[in-house]
Protein chains: 2
Amino acid sequence: MTSTQSVTVHGRDYLIPTRPTVVICVDGFDPSYLSAGCEDGITPNLATFVKSGFYTAAKCVMPSLTNPNNMSIITGAPTRAHGVSGNYYLDKVTGKEHMILDDSSTIGTTILEQFAKKGVRIAAITAKDKLRRIINRGLSTDRGAICFSAQRANECTREEHGIKDVETWLGRPTPPQYSGDLSIFVLDAGIKLLQENRADVFYLTLSDWIQHKYAPRSTEANEFMAQLDQRIGELVKLGALVAVTGDHGMSDKTDEAGNPRVLFLEDLLQEKWPEAGARVICPINDTFTKHHGALGGFVRVHLLKSTVNVVEMVEYCRTLPEVEAAYTGEDAAALFEMPVDREGDMVVIASKNFAIGGRKDEHDLSELMGHRFRTHGGLSEQAVPLLRSEPLGAGADIAGRAWRNFDVFDIAVNY
Amino acid sequence: MTSTQSVTVHGRDYLIPTRPTVVICVDGFDPSYLSAGCEDGITPNLATFVKSGFYTAAKCVMPSLTNPNNMSIITGAPTRAHGVSGNYYLDKVTGKEHMILDDSSTIGTTILEQFAKKGVRIAAITAKDKLRRIINRGLSTDRGAICFSAQRANECTREEHGIKDVETWLGRPTPPQYSGDLSIFVLDAGIKLLQENRADVFYLTLSDWIQHKYAPRSTEANEFMAQLDQRIGELVKLGALVAVTGDHGMSDKTDEAGNPRVLFLEDLLQEKWPEAGARVICPINDTFTKHHGALGGFVRVHLLKSTVNVVEMVEYCRTLPEVEAAYTGEDAAALFEMPVDREGDMVVIASKNFAIGGRKDEHDLSELMGHRFRTHGGLSEQAVPLLRSEPLGAGADIAGRAWRNFDVFDIAVNY
């Protein structure tokens, strides 16, 4: 491959890198983890990125959730371009609800797929297997792509994942699904692939298990951030250019007594407008319910019986202290560049210290007890760091830019 | 002038219109005023724009205040481009605080100025005179530009404003500074100039006196919206293409007992970090204090003695229920495309139902009593309508756009 080659995805060009390039998505990477880590000396390598590489705050896509943002990162575009604006949907055509478990809802190609087609060796490693089956779109092991998850490391096959016997190879057992080590495993696998020169472009995407439970400066968060930082330093030492961002931030949503602060919106709307048949869809809902009990900061409301009250409902929701913003589905799609065909009749976004759920009987809060309840999905979790191990080259047109986390491949390969 | 001529401002081209074109900025145009107006039949002309013209929700620039957004609208660019990111500043070089009262803080040109240089006859009419002196940048009465305010309509001179004897000409006395009629006067003047063929491009920017006091669907708001809508219909009937947006939205920030919900942040920070010398600057502060008591949803914190605690302060502010988001000044500038040289050490954004002030003794709340306290400045007031009297022409590349209020001149002249 030559340095002048490039690929184009959703209208943006990406130069094919001539050196190993690692893009890391730290799940739940609230800027406060970075600022605390740098200030307290917990993350010396990331502190070096901030000081002598490139750092800016950036916005993630709304809703501030894992699937939409991972897809935006590997396509360099908002959700309207790739179609994935949640983990969980109500299909307006069939009326059925479904969880996104693979790439069948995705529109178009990805940067990883286009690179692979040009002969670039891709390694895409996820913490959670649910995400592996979404981001592996178009990645063929025939072309040498490696794509597996830490969660199912012990099930990898050469045919499906481009790698096998991962536990033996890495010298580590598959980590527990609910652990910080699930993320560190991803980074360790990336390091080893780099050491063995088995890939050119790496996408390493982690889990937010730690961030959901532990605030910045807690012992657990510090330990995790130190391990993360150490691995990032290792990747730099091995000669890679490293770019880092987050899929979303994280906010505490616990009251003084330690209970989750939750608005059960479907119950409320059903009581007030029984004739509307309001169904609240929580797009944070995924197979990792222990993280958050399917409670986040962003919900879609579908009016299954009558939509005549939608404007009145939007106005009403805006008056609730648990709500930061409410819009008709069309307005929300326009504001947040989301695909309008997957929107509800109304979108409701929680205030920073609240989560929004559907019916109380649908959410299992038992797993949230005994620690702080922290989650995401709303506007207050939109800020994430955007970092690179080296400064952007001269001539980078960055003065007027509103940075997004989905610019991370752009800063990784284009400057 | 020919149809193929265009001007360029901050990298975007604007075609010189071949028919009368009116851009209206409705101050405090929360989307709920539009949705209630359309639903209740109060705003039939705007309802026609929504149905058979062009309508989308759009985001205003942060902070969601009048000066920054008016400058963004007439430059088609974020505040980083034109430099006006508040009504009130602490100058970091001199250490002095000052109110923006003219265009001396502005960087670069405006769309109005560039049109005027090409021979387009501009009429820029503001409700408040403070805004007139900001947006008249580069508008020369020698070239036929008309630029005056309703507030000082009785003081207009041919030399300074391009028009004189406005009261006699319009057959109306100068309206009270604190009134909805201040806005309607602006529209009436625009209509008359159009009838008399005295301008080609109109920028009519209103006052949010009504919106600060009265919620959508109140008698006062309905009356104002009906008058506004009737004037917009008149402009359309006269053959103009009309595009409408808002400078910001508006949220209620009153508690159950009817008192303003305010966090006095400087008092709090001084108590907690006396060594830091925290000074809270409220960029909503202007000469129209009866509207809001200088209380909005966005403040800048300058640490005059020591900046060592800024990360800790950001973290602390994030824990406050009155706060929706807090960032270092640099992060906020990156997130919201604001000029970093005018940022504080920290930016704090209020939750939807709260305002943030500096010291309690600096704010006069007496004018806010006796009615609901409604204000803006934060993220919850970022959504505004973006409307055009006619649909965008075929071939308009709008599918993937994140609309901003400062796209209003683009939609007015380019499609």
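Per chain, the residues get numbers from 1 upward, laid out in the order the sequence is written. Lettering for chains starts from A, numbering for ligands starts from 1, and both go in the order in which the items are written. It should be noted that, the model being predicted, local features are given only for residues of pLDDT at least 70 and side-chain atom pairs only at 80 or more, the latter also being counted only at that level, while totals for whole chains, interfaces and linings use all residues. The side-chain values count all of the structure's non-hydrogen atoms but skip hydrogen atoms and water molecules.

(A) View of the sheet that holds strand β8 (residues 146–149) of chain A. Residue and element names in this part refer to chain A. We call two strands paired when DSSP finds no fewer than two bridges between them. Where helices and strands are cited, they refer to DSSP runs of H or I of at least four residues and of E of at least two residues respectively, numbered from the N terminus. The sheet built from seven strands is open, its strands ordered β4-β19-β10-β3-β9-β7-β8 with mixed pairing. Where the open sheet ends on each side, the last strands, each with one partner, are β4 (54–59) and β8. In this sheet, neighbouring strand axes are inclined to one another by 10 degrees on average, regardless of whether the strands run parallel or antiparallel. Taken together, the five bridges between strand β7 (residues 122–126) and strand β9 (residues 201–205) define a ladder with parallel strand orientation. Counterpart to Ala-123 in the pairing with β9 is Phe-202. What counts as an axis is a line fitted to C-alpha atoms, over the stretch in contact for a helix, and the angles between N-to-C directions run from 0 to 180 degrees.

(B) Spatial organisation of the pattern of salt bridges. By salt bridge we mean one thing: a side-chain nitrogen of Lys or Arg within 4 Å of a carboxyl oxygen of Asp or Glu. One pass over the full model with this rule turns up 74 salt bridges over all chains. Linking Asp129(B) and Arg152(B) is a salt bridge whose minimum nitrogen-to-oxygen distance equals 3.4 Å. Remark: Arg152(B) occurs in the loop between β8 (146–149) and α7 (158–161) and Asp129(B) occurs in helix α6 (residues 129–135); sequence separation between them is 23 residues. Using a relative accessible area of 31% as the deciding quantity, one classes Arg152(B) as partly exposed. Taken together, the salt bridges that share partners define one network made up of Glu97(A), Glu266(A), Arg279(A), Arg359(A), Asp361(A) and Glu362(A). Here's how the labels work: a residue is buried when its accessible area is under 20% of the maximum for its type, exposed when over 50%, partly exposed in between, all with a 1.4 Å probe on protein chains only.

(C) Just the relation of the copies chain B and chain A, in detail. In this comparison the copies share one frame, found by least squares on the C-alpha atoms of residues holding pLDDT of at least 70 in both. Placing chain B over chain A gives an RMSD of 0.0 Å and needs a rotation angle of 180 degrees, together with 0.0 Å of translation along the axis. On this basis, the relationship between the two copies can be described by a two-fold rotation axis. No C-alpha of chain B approaches the rotation axis more nearly than that of Ser351(B), which lies at 3.5 Å. Contacts between residues were defined by any pair of non-hydrogen atoms, one from each residue, lying within 4.5 Å. Most of the interface of chain B is mirrored in chain A: 98% of its interface residues are interface residues there too.

(D) Quick look at the interface of chain B and chain A. Taken residue by residue, the interface counts 42 residues in chain B and 41 residues in chain A. Two parts placed together each lose some accessible area under a 1.4 Å probe, and adding up what both lose gives the buried area. Together, Glu324(B), Leu335(B) and Lys352(B) form the three largest contributors to the area buried by chain B at its contact with chain A, with a combined 19%. For Asp30(B), the salt bridge is made with Arg318(A), and the minimal N-O distance between the two is 3.3 Å. Polar contacts, as counted here, are pairs of nitrogen or oxygen atoms within 3.5 Å of one another; within protein the pair requires one atom able to donate a hydrogen and one able to accept it, and residues that are adjacent in sequence qualify only if both atoms are side-chain atoms. Counting across the interface, chain B meets chain A through 16 residue pairs in polar contact (both at pLDDT 80 or more). Among the secondary structure elements, those contributing two or more residues to the side of chain B that touches chain A are α1 (31–39), β4 (54–59), α13 (310–318), β15 (323–328) and α14 (329–336) of chain B. Grouping the amino acids of the side of chain B that touches chain A by side-chain chemistry returns 21 nonpolar, eight polar and 13 charged. Gly counts as polar in this scheme, as do all residues outside two lists: the nonpolar Ala, Val, Leu, Ile, Met, Phe, Trp, Tyr, Cys and Pro, and the charged Asp, Glu, Lys and Arg.

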